[in-house]
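# Analysis of the macromolecular model
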Amino acid sequence: MIQNGLLIPQESGHLNEGERLRIHSIETFGTHDGPGIRMVVFVQGCQFRCLYCANPDTMDVTGGKFTGLEEIVKRAVDQKPYFGKSGGVTVSGGEPLLQRRILKQLFIKLHAEGINTALDSNGRLIDQQTKDLLEETDLLLLDVKHFNNDWHRKLTGLSNVNTFKVAKHREESGKPMWLRYVLVPGWSDQEDYLHQLGCYFGGFKTIRKVEILPYHQLGVHKWEALGMDYKLKGVGPPSEEILNKSAAIFREYFEEVQVN
Ligand code: SF4
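Computed from a predicted structure; not experimentally measured.

What counts, and at which threshold
Residues numbered from 1 in each chain as written. Predicted model: local features only at pLDDT ≥ 70, side-chain atom pairs only at ≥ 80, totals over all residues. Heavy atoms only, no water. Pairing = 2+ DSSP bridges. Helix = DSSP H or I, 4+ residues; strand = E, 2+ residues; numbered from the N terminus. Axes fitted to C-alpha atoms, helices over the stretch in contact; angles between N-to-C directions. Contact = heavy atoms within 4.5 Å. Core = buried A, V, L, I, M, F, W, Y, C linked by side-chain atoms within 4.5 Å. Buried < 20%, exposed > 50% of the residue type's maximum accessible area, 1.4 Å probe, protein only. Phe/Tyr/Trp six-rings, centres within 6.5 Å; stacked < 30°, edge-to-face > 60°. Lys NZ or Arg CZ within 6 Å of the ring centre and 35° of its normal. Parallel < 35°, antiparallel > 145°, perpendicular 65-115°, else oblique. Left-handed = near helix turned anticlockwise from the far one by under 90°. Nonpolar A, V, L, I, M, F, W, Y, C, P; charged D, E, K, R; others polar. Salt bridge = Lys/Arg side-chain N within 4 Å of Asp/Glu carboxyl O. Near = heavy atom within 4 Å. Bend = angle between axes of the 7 residues up to and from the residue.

Here the focus is the sheet that holds strand β11 (residues 257-259). Within a beta sheet, neighbouring strands are joined by backbone hydrogen bonds and run either parallel or antiparallel to one another. On the basis of which strands lie adjacent, the open sheet formed by nine strands has the order β5-β3-β4-β6-β7-β8-β9-β10-β11 and mixed pairing. Only two strands of the sheet have a single partner each, and these edge strands are β5 (65-68) and β11. Between one strand axis and the next, the sheet turns by 30 degrees as a mean value, whatever way the strands run. Sheet analysis places strand β9 (residues 177-183) next to strand β10 (residues 207-214), joined by seven bridges and oriented parallel. Bridge pairing in β10 links Val182 to Leu213. Sheet strands in contact with helix α2 (residues 69-83) are β3 (20-30), β4 (38-43), β5 and β6 (88-92), and its direction is about 15 degrees off that of β3. The strands that helix α9 (residues 240-251) touches are β9, β10 and β11; relative to β10, the one it contacts most, it runs at about 165 degrees.

With that settled, consider the nonpolar core. Grouped together as the largest cluster of nonpolar side chains are 50 residues, with contacts concentrated most on Leu21, Val41, Leu106, Leu179 and Phe201. Grouped together as the second largest cluster of nonpolar side chains are 17 residues, Cys46, Tyr215, Tyr230 and Val235 included.

This part covers the side chain of Gln190. Tracing the chain through its elements places Gln190 in the loop between β9 and α7 (191-201). Sequence-distant contacts of Gln190, defined by excluding residues within four places in its chain, comprise His146 and Trp151.

Turning our attention to the packing of aromatic side chains. Summed over all chains, the structure comprises twelve aromatic pairs. Residues Tyr200 and Phe201 carry aromatic rings whose centres are separated by 4.9 Å and whose planes lie at 90 degrees to one another, so their mutual orientation is edge-to-face. Each residue in the set Phe147, Phe164, Tyr200, Phe201 and Phe204 is aromatic and connected to the rest through ring pairs, giving one cluster. Sitting over the ring of Phe66, Arg22 keeps its end group 4.5 Å from the ring centre. Directly above the ring of Trp151 sits Lys154, whose terminal nitrogen or CZ lies 3.8 Å from the centroid.

Turning our eyes to something else, we now look at the packing of α7 against α9. α9 packs onto α7 with a crossing angle of 30 degrees between their chain directions and a minimal axis gap of 9 Å. Considered as vectors, α7 and α9 are oriented roughly parallel to each other. Crossing angle aside, the handedness with which α7 passes α9 is right-handed. Seen from α7, the contacting residues are Glu191, Leu194, His195 and Leu197; seen from α9, they are Lys245, Ser246, Ile249 and Phe250. Residues belonging to the contact of α7 with α9 are distributed by class as follows: four nonpolar, two polar and two charged.

What follows covers the pattern of salt bridges. The tally for this structure, following the rule as stated, stands at eleven salt bridges. Across the pair Asp57 and Lys222 runs a salt bridge, and its minimum N-O distance is 3.9 Å. Here Asp57 is found in the loop between β4 and β5, whereas its partner Lys222 is found in helix α8 (residues 220-225), with 165 residues between them in sequence. As a salt-bridge pair, Arg180 and Asp120 come within 3.1 Å of each other at their nearest N and O atoms.

Moving on, we come to the site of the ligand. In the vicinity of the ligand, the residues found are Cys46, Phe48, Cys50, Cys53, Thr58, Met59, Gly94, Asn122 and Lys145. Residues of the shell around the ligand, tallied by class, amount to five nonpolar, three polar and one charged.

Another aspect to go through is α2. Of all the bends in α2, the greatest, near 35 degrees, is centred on Val77, and the proline Pro81 appears no more than four residues after it. Those residues of α2 that fall on the buried side of the exposure criterion are Leu69, Ile72, Val73, Ala76, Gln79 and Phe83. On the buried face of α2, the contacting elements are β3, β4, β5, β6 and α3 (100-112). Gly84 lies just past α2 and shows a positive phi near 65 degrees.

These figures capture arrangement, not role.
Right, dumping it as C-alpha cells:
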C-alpha cells in the first residue's frame, strides 16, 4: 500500500508472507536496548533517513531476509534463562512499525512463553494496528529525533507528528515507555528545543526514563559501502560540556535521565 507517497510494507503484502518477519539480524545478550539482558531483533526497512543512522543497511524495505516467527520464538526461549527478571526480547530496526501486524503475533507468542517484550520505534505510523501492537508491548522505547518539526525533517526527511501521536496514545494507555534522544552537536542540542521537549513530555506519567544517546560516526563506513552520501562528516560527537548541559536540562523535567 502507498500512503503519503511511501510504501507501507505490512499492508503491501510484499514483505510478509504468513507468519514471517523481514529481519536484518538478531543480537544475543544485548544490553543497550531496554532493561536487563535481551535478545534484540533488528527488523529490515525504515522510512526515515536519519543523517546519523548507524545502520543504513536496515533502511531498504526490500532487503534483509524472511524469518519465521517460530524460529525467533525458539531462539528467545533458548536464551530465556539469561534474561533474568528484567530482560527479554527487544524489536528494533529499521522501523518495527512497518511490520506491526506480524510483530503483534510475535509478541503474543513471546508472552505465551513468559518473555518480556520491548519495542524500539521512531513512532512513524499510528493506526489501529500500531495500537494493537503497543498493547502487547511491555516497554516502548520511543525515539524522538527532534522536538521541532523543521529540524526533524532536516534530520530524518520526515515529520515528527506521528511520533508525538504514538507518545500520546502510549500515555493514554498507561503503559510504560522510555524516550530516547540522539544528541547531535549543532543539530539536536539546541537548549530551547531541549526545554520545549522537556516541557511537553515532562508531565507524561508513563515515561520512566530518558536516554541520551551521544552521536557517533560508527556507521560511516556502511554509508560509504552503500554508495550513500554521509552528510554529517564534519560533525564530531558531543563534548562532555554539551552532554552535561543537555542532561541537566532534561533532569529539570524527568526523574531519570541516563547518558549512554
Ligand atoms: S529511524 Fe533508525 S533505522 Fe531509521 S533511519 Fe533513523 S536511525 Fe536509521
